[in-house]
Amino acid sequence: SQELEQSPQSLIVQEGKNLTINCTSSKTLYGLYWYKQKYGEGLIFLMMLQKGGEEKSHEKITAKLDEKKQQSSLHITASQPSHAGIYLCGAAGNSGNTPLVFGKGTRLSVIA
Amino acid sequence: SAVISQKPSRDICQRGTSLTIQCQVDSQVTMMFWYRQQPGQSLTLIATANQGSEATYESGFVIDKFPISRPNLTFSTLTVSNMSPEDSSIYLCSVSSGYGYTFGSGTRLTVV
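These figures come from a predicted structure and were not determined experimentally.

Conventions we followed
- Residues numbered from 1 in each chain as written.
- Chains lettered and ligands numbered in written order.
- Predicted model: local features only at pLDDT ≥ 70, side-chain atom pairs only at ≥ 80, totals over all residues.
- Heavy atoms only, no water.
- Helix = DSSP H or I, 4+ residues; strand = E, 2+ residues; numbered from the N terminus.
- Rg over C-alpha atoms; globule rule 2.2 N^0.38 Å.
- Buried < 20%, exposed > 50% of the residue type's maximum accessible area, 1.4 Å probe, protein only.
- Contact = heavy atoms within 4.5 Å.
- Areas by Shrake-Rupley, 256 points an atom, 1.4 Å probe, with all protein chains shown as cover.
- Buried area = accessible area lost by both parts, 1.4 Å probe.
- Polar contact = N/O pair within 3.5 Å; in protein donor to acceptor, adjacent residues only side chain to side chain.
- Nonpolar A, V, L, I, M, F, W, Y, C, P; charged D, E, K, R; others polar.
- Pairing = 2+ DSSP bridges.
- 1 Å grid on protein atoms, 1.4 Å probe; cavity = no way out; pocket = protein on both sides within 12 Å on 5 of 7 lines; lining within 4 Å.
- Points joined across faces, edges and corners; volume = space filled by probe spheres on them.

**Some points on the overall build of chain B**
Line of reasoning, step 1. Scanning chain B from terminus to terminus reveals 0 helices and 11 strands.
Line of reasoning, step 2. The globule rule puts the C-alpha radius of gyration for 112 residues at 13 Å, and the 13 Å found for chain B is close to it.
Line of reasoning, step 3. For chain B, buried positions account for 51% of its 112 residues.
Line of reasoning, step 4. Partitioning the contacts of chain B with sequence separation of at least 6, the portion at a separation of at least 24 is 52%.
Line of reasoning, step 5. Carbon and sulfur atoms make up 46% of the accessible area of chain B, which totals about 5,300 Å².

**Some thoughts on the overall build of chain A**
Line of reasoning, step 1. Of the regular secondary structure elements, chain A holds 0 helices and 11 strands.
Line of reasoning, step 2. The order of helices and strands in chain A, counted from the N terminus, is β-β-β-β-β-β-β-β-β-β-β.
Line of reasoning, step 3. Here the C-alpha radius of gyration of chain A, 13 Å, is about what a compact globule of 112 residues would show, namely 13 Å.
Line of reasoning, step 4. Along the first, second and third principal axes, the C-alpha set of chain A runs to 45 × 30 × 20 Å.

**A short note on the environment of A:I44**
All names here are of chain A.
Line of reasoning, step 1. Assignment of secondary structure puts I44 in strand β5 (residues 43-49).
Line of reasoning, step 2. Overall, I44 belongs to the partly exposed group, its relative accessible area being 43%.
Line of reasoning, step 3. Residues I44 and W34, spaced 10 residues apart in sequence, show a C-alpha to C-alpha distance of 8.7 Å.
Line of reasoning, step 4. Those residues within four positions of I44 in sequence are excluded, and the remaining contacts are W34, Y35 and K36.

**Observations regarding the interface of chain A and chain B**
Line of reasoning, step 1. Of the residues lining the interface, 19 residues belong to chain A; the matching set on chain B comes to 18 residues.
Line of reasoning, step 2. It is A:N97, A:P99 and A:F102 that lose the most area in chain A upon contact with chain B, and together they represent 31% of the buried surface on that side.
Line of reasoning, step 3. Across the chain A-chain B interface, the total number found is 5 residue pairs in polar contact (both at pLDDT 80 or more).
Line of reasoning, step 4. Residue assignment for the side of chain A that touches chain B shows that the elements contributing at least two residues are β4 (31-37) and β9 (85-92) of chain A.
Line of reasoning, step 5. Ranked by residue count, the leading element in the side of chain A that touches chain B is β4(A), at 3 residues.
Line of reasoning, step 6. Split into classes, the residues belonging to the side of chain A that touches chain B amount to 8 nonpolar, 8 polar and 3 charged.

**Quick notes on the pairing of β5(A)**
All names here are of chain A.
Line of reasoning, step 1. By the criterion of burial, β5 is predominantly enclosed, with 5 of the 7 residues buried.
Line of reasoning, step 2. One ladder, built from 6 bridges, connects β4 with β5; its direction is antiparallel. Bridge pairing in β5 links L32 to L49.
Line of reasoning, step 3. Hairpin connection of β4 to β5: 5 residues between the antiparallel strands, including G40 at a positive phi of 75 degrees.

**Quick word on the pairing of strand β2 (residues 10-14) of chain A**
In summary, the side chains of a regular strand alternate between the two faces of the sheet.
Residue and element names in this part refer to chain A.
Line of reasoning, step 1. Of the two faces of β2, only one is covered, namely that formed by L11 and V13; the face formed by S10, I12 and Q14 stays uncovered.
Line of reasoning, step 2. As paired strands, β2 and strand β11 (residues 106-111) are joined by 5 bridges and run parallel to one another. Bridge pairing in β11 places L11 opposite L108.

**A closer look at the layout of surface pockets**
Residue and element names in this part refer to chain B.
Line of reasoning, step 1. Of the pockets and cavities examined, the largest pocket occupies roughly 650 Å³.
Line of reasoning, step 2. Grouping the constituent residues of the lining of the largest pocket by class yields 11 nonpolar, 9 polar and 4 charged.
Line of reasoning, step 3. Put simply, the second largest pocket is a space of about 250 Å³.
Line of reasoning, step 4. Of all the elements in the fold, those that place two or more residues in the lining of the second largest pocket are β9 (89-97) and β11 (107-111).
Line of reasoning, step 5. Considering every element that reaches the lining of the second largest pocket, the biggest residue donor is β11, with 3 residues.
Line of reasoning, step 6. Partitioned by chemical class, the residues of the lining of the second largest pocket number 5 nonpolar, 9 polar and 2 charged.

**With respect to unusual backbone geometry**
Line of reasoning, step 1. Across the junction of A:S7 and A:P8, the peptide omega takes the value -5 degrees, indicating a cis bond.
Line of reasoning, step 2. On the secondary structure map, A:P8 appears in the loop between β1 (4-7) and β2.
Line of reasoning, step 3. Cis geometry is adopted by the peptide bond preceding B:P8, which originates at B:K7 and carries an omega value of -10 degrees.
Line of reasoning, step 4. Mapped onto the elements of the fold, B:P8 is located in the loop between β1 (4-7) and β2 (10-13).
Line of reasoning, step 5. You will see that A:K69, though not glycine, has its phi angle at about 60 degrees, which is positive.
Line of reasoning, step 6. For A:K69, a relative accessible area of 21% corresponds to the partly exposed category.
Line of reasoning, step 7. Not every positive phi belongs to a glycine, and B:N82 is a case in point at roughly 45 degrees.
Line of reasoning, step 8. With respect to the helices and strands, B:N82 occurs in the loop between β8 (75-80) and β9.

Right under this line is the structure:
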């Protein structure tokens, strides 16, 4: 079965600093999803990557999928307190009718 | 993308009782997925629910504890039976569509 390893497990950064979260898969990724979760709340969809080498950006968040489609990174530029939360990567199977498998998450705190 | 209405959003229940969580989707979907998120943990798949057939449960989850109904292509329920404090978690439903994966807003369950 597919496993996702996220690193780091937790991160504390000063406001305005950049940061990167990594997600490494044990198998080829057919689709890689990034979500953000505020503590105790539901998931907020950030981005989805499918093609090797693909890169997407939204506001100050950029996600990349490597050429071999086994690793993804999420980069936040000039972090703000609103970026705090848990970031989860989820892997899709090669069929749309399979559930996402999630990494263990990265807990991000942004301090003033 | 699909929109999911999940109810209740939170509940506090006595041990030994049962709680039924509902998810209503605004479009017809083949598969619905149920997840559990224990405190401080990532999402773990409980089962996959296909309309017209019994749900498929993941290792560690059984039908007697987490019975699932899927009466039509837009609705599903998950019941947490004979609850104990260890069942305190966030429970989420999810569907996949042509636009990716959508999640309900979650049910935060506290068992006392």
